[in-house]
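A closer look at the structure
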Amino acid sequence: MFLESEVDDPLPSARTAFSASGGFEDDEPPSRHSRPSRHPQWQDVPDHQWDDWKWQQANAIRSVRQLRSLLPFTRDELEAIGKLEADYKVAIPPYYFSLIDTDDPEDPIRLQSVPSSLEGEGGFELEDPLEEDKDSPVPGLTHRYPDRVLMLTTPNCTMYCRYCTRKRATLTRGGWEGISKDDERMIDYIRNHSEIKDVIVSGGDPLTLPISKLKFYLDALKAIPHVDVIRIGTRVPVTMPQRLYDPELLQLLESAEKVYIQTHFNHPREITPEAARVCKSLLRHGMMINNHSVLLKGVNDDLGTMKELLRGLLRIKVRPYYLFHCDPVTGAGHFRTSVWKGMEIMEGLRGHMSGIGIPTYVVDSPHGGGKIPLMPNYMVSMSDDAVILRNYEGMLVRYQAEDKPVSSQKTATRGVSALIQGDKTSLMPEGNERMARRRQLQLVEDAPSGSCGSGDSPPPPATSSTRTLLPMLAANG
Ligand code: SF4
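For clarity, every value in this text was computed on a predicted model and none was experimentally measured.

It is worth spelling out the overall build of the protein chain at this point. In terms of regular secondary structure, the protein chain is built from 17 helices and 15 strands. Partitioning the contacts of the protein chain with sequence separation of at least 6, the portion at a separation of at least 24 is 76%.

What follows is about the sheet that holds strand β10 (residues 379-382). The antiparallel open sheet is built from four strands, whose spatial order is β10-β11-β12-β13. Of all the strands in the sheet, just β10 and β13 (426-427) have a single pairing partner and so form its edges. As judged from the four bridges shared by strand β11 (residues 387-390) and strand β12 (residues 396-399), these two strands associate in the antiparallel manner. By the bridge assignment, Val387 is partnered in β12 with Tyr399.

Turning next to the site of the ligand. Surrounding the ligand, one finds Cys157, Tyr160, Cys161, Cys164, Arg166, Thr170, Gly203, Gly204, Asp205 and Arg235. Looking at side-chain class alone, the shell around the ligand contains four nonpolar, three polar and three charged residues.

What follows covers helix α9 (residues 211-222). Taking 1.5 Å of rise per residue, the 12 residues of α9 would be expected to cover 16 Å, and the 16 Å separating its terminal C-alpha atoms lies within 8% of that figure. When we look at burial in α9, the residues that qualify are Leu214, Tyr217, Leu218 and Leu221. Axial view of α9: buried residues confined to an arc of 90°, hence all on one face. Its buried side turned inward, α9 meets β3 (198-202), β4 (229-233) and α11 (247-255).

Our next topic: the sheet that holds strand β8 (residues 360-365). Here nine strands make up an open sheet; going across it, the order is β1-β2-β3-β4-β5-β6-β7-β8-β9 and the pairing mixed. Looking at strand neighbours, the two that pair on one side only are β1 (141-143) and β9 (370-374), the edges of this open sheet. For this sheet, the mean angle separating the axes of adjacent strands, direction not counted, is 25°. Pairing between β1 and strand β2 (residues 148-152): three bridges, direction antiparallel. Counted as the bridge partner of Thr142 is Leu150 from β2.

For the rest of this paragraph, the subject is the pairing of β8. With three bridges joining them, strand β7 (residues 319-325) and β8 adopt parallel strand pairing. Counterpart to Phe324 in the pairing with β8 is Val362. Remark: the β7/helix α14 (residues 339-349)/β8 crossover connection has right-handed handedness. Of the strand pairs in this sheet, β8 and β9 are connected by five bridges, and their pairing is antiparallel. Residue pairing in the sheet places Ser365 in a bridge with Gly370 of β9. Once β8 ends, the chain turns through four residues before running back antiparallel as β9, passing His367 with a positive phi of about 60°.

Moving on: the packing of α9 against α11. Taken N-terminus to C-terminus, the directions of α9 and α11 make an angle of 10°; their axes are 10 Å apart at the nearest point. Classified by the angle between their axes, α9 and α11 sit roughly parallel to one another. Of α11, the residues touching α9 (which contributes Ile211, Leu214, Lys215 and Leu218) are Glu248, Leu249 and Leu252. A breakdown of the residues in the contact of α9 with α11 according to their chemical character gives five nonpolar, no polar and two charged.

An ideal rise of 1.5 Å per residue puts 18 Å on 13 residues; helix α13 (residues 303-315) measures up with 18 Å between its terminal C-alpha atoms. The set of residues buried in α13 consists of Met306, Leu309, Leu310, Gly312 and Leu313. Angular distribution of buried residues about the axis of α13 spans 160°; they occupy a single face of the element. Lys317, located one to two residues past α13, shows a positive phi value of around 60°.

The next thing to look at is the pairing of strand β5 (residues 259-263). Because side chains alternate across β5, one face comprises the buried residues Val259, Ile261 and Thr263, and the other comprises Tyr260 and Gln262, none of which is buried. Pairing between β4 and β5: four bridges, direction parallel. Considered in β5, the bridge of Ile232 is made with Ile261. Pairing of β5 with strand β6 (residues 289-295), which is carried by three bridges, proceeds in the parallel orientation.

Ranked by size, the top nonpolar core spans 85 residues in total, and within it Tyr163, Val199 and Ile230 carry the most contacts. The element best represented in this core is helix α12 (residues 273-284), accounting for five residues. Setting aside residues no more than four positions away along its own chain, Tyr163 makes contact with Val294, Leu296, Cys326, Val329, Ala332 and Phe335. Counting residues in each nonpolar core, the second largest holds eight residues, with Ala386, Ile388, Leu419 and Ile420 among its members.

Turning our attention to the environment of Pro320. Mapped onto the elements, Pro320 comes out in strand β7. Residues Pro320 and Ile289, 31 residues apart in the sequence, show an inter-C-alpha distance of 8.8 Å. In this structure Pro320 touches Asn291, Leu310, Leu313, Gly357, Ile358 and Pro359, once residues within four positions along its chain are discounted.

Another aspect to go through is the confidence of the model for the protein chain. The predicted model of the protein chain has a mean per-residue pLDDT of 85, with 83% of residues at 70 or higher. Low pLDDT, under 50, characterises residues 1-35; the stretch is placed with 63 contacts to residues that sit more than four places away or in other chains. Taken as a whole, residues 449-477 scores under 50 in pLDDT and shows 44 contacts with residues more than four places along the chain or in a different chain.

In this structure, Gly204 follows Gly203 across a cis peptide bond, with omega equal to 15°. Of note, Gly204 is situated in the loop between β3 and α9. Not every positive phi belongs to a glycine, and Glu257 is a case in point at roughly 65°. Along the chain, Glu257 turns up in the loop between α11 and β5. Using a count of 11 C-beta atoms within 10 Å as the deciding quantity, one classes Glu257 as exposed.

Here we come to the environment of Lys317. Following the sequence through the fold, Lys317 ends up in the loop between α13 and β7. Residues Lys317 and Leu283 lie 34 residues apart in sequence; the distance between their C-alpha atoms is 8.4 Å. Setting aside its immediate chain neighbours within four residues, Lys317 contacts Cys279 and Leu283.

Parameters and conventions
- Residue positions are given per chain, counting from 1 as you read along its sequence in written order.
- The model is predicted, so local features are restricted to residues of pLDDT at least 70 and side-chain atom pairs to those at 80 or more, both for listing and for counting; the totals for chains, interfaces and linings are taken over all residues.
- Secondary structure elements follow DSSP: runs of H or I of four or more residues count as helices, runs of E of two or more count as strands, with numbering from the N terminus.
- By the criterion used throughout, residues are in contact when their C-beta atoms, derived from the backbone, lie within 7 Å.
- Note: two strands are recorded as paired if DSSP finds a minimum of 2 bridges between them.
- The rule is simple: place the C-beta atom from the backbone, and if it lies within 6 Å of a molecule or strand, the residue is near it.
- The residue classification treats Ala, Val, Leu, Ile, Met, Phe, Trp, Tyr, Cys and Pro as nonpolar and Asp, Glu, Lys and Arg as charged. All others, Gly included, are polar.
- A helix is expected to reach a length of 1.5 Å times the quantity of its residues less one.
- Partly exposed residues are those whose C-beta has more than 12 but fewer than 20 other C-beta atoms within 10 Å; 20 or more makes a residue buried and 12 or fewer makes it exposed, with C-beta atoms placed from the backbone.
- By construction, the arc corresponds to the directions joining the helix axis to the C-beta atoms.
- Orientation is described by lines fitted to C-alpha atoms, with helices fitted over the stretch in contact, and by angles between N-to-C directions that extend from 0 to 180 degrees.
- A crossover counts as right-handed when, viewed with the strands pointing away from the observer, the path leading from the first strand over the helix to the second turns clockwise.
- Each angle gets one of four labels, with under 35 degrees taken as roughly parallel, over 145 as roughly antiparallel, 65 to 115 as roughly perpendicular, and the rest as oblique.
- Structurally, a nonpolar core is described as a collection of buried Ala, Val, Leu, Ile, Met, Phe, Trp, Tyr and Cys residues joined by way of C-beta atoms within 7 Å.
- Each residue carries a pLDDT value, the predictor's own confidence for that position, ranging from 0 to 100.

This is the structure we're talking about:
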């Protein structure tokens, strides 16, 4: 948790601040989701308090005793999470808690934020699955990739995600080794390594830091000429957007000039009008926003939910950047899916929705190997002069990257082999919607030469043009 005393200056009321910072009260929220209704517990809280991040922080749910008065639990669950409380912290701001459907024990917002008895079950998970601590030349700083570093600036978050990769520092009680004395050493390290171009300021959540502390980091990094990019890793827009109603914080972030926001939406229900408005505000202050999602069982591990999330992010101009496979962190085994589930989702995205909405699916490698991107296989075969590619519809196509003559020595063959030999240029699955649309438009494609189920149909002329318009189309046009 982060404490009131950590904050520098008293803030104006959030509603006044919000208006003063840009007058967004008239804006049409771009999210399709309506303002979340508040849990009855906070129904009578005046708006000026509800919209004040300090009120949200002070009233966050932080104990099993509070949870049991707000949500149904079985006796066994209560006993189990009661025992876990001694080890792991809880914090759920009333705003985020109000997104939970309290009648649904499997609610995706609940799964992310409310402790589960499954957290106590062991597996092969690890305290530091990414071995960040082993790549730390200075406490709190991880230098893994050639041109970028990760700085851990605080153990505090507005909400403690139950699957957090850095649980050892954030959720675990007493798990954080104070690093405040090392702030200068982290900055010195970056200053002395001119190959570092990109600094990820993370934690915990750096937007829980007092303004003066955040200013220290941002001013220092801004002044280092070889640092081009400062990425702020924060879940504040998702879990407590009220913090970003503060014009002083927005101004500080903008003044650092190099700041990108790296946020973390996992479910479409998190894209509320409040979240949409603070993202808009960050964009207006010149900060690009990229999103990390984690693939979580029961939260977003189905194609429909993932598509809705990604489309929602595009609607608020947040770029889907990474979809992480859930790391093998202690107590989070119940969130982990198979890699095949991730691949299945990626297969349903590429080609089926705009490329600007598709994140890169990555597994963060054991032993500190870093992010490894995974994607379905679109290259089916290859020869010396061509590759055989598959598109999202299952169409197989011969692609000749260089202008080489097709070999005249051919053996009669079929299927993918016929594409490699140059006898065919494509194989189209039967019942293809795109082809049906073309027929409706009275366009005739001469390239598709049969279906995957009839690969021995006669090949098209090797030098055919790609498209012929029927006279009827000209008549229509
Ligand atoms: S906000 Fe980030 S650092 Fe904090 S608990 Fe969630 S995943 Fe971990």
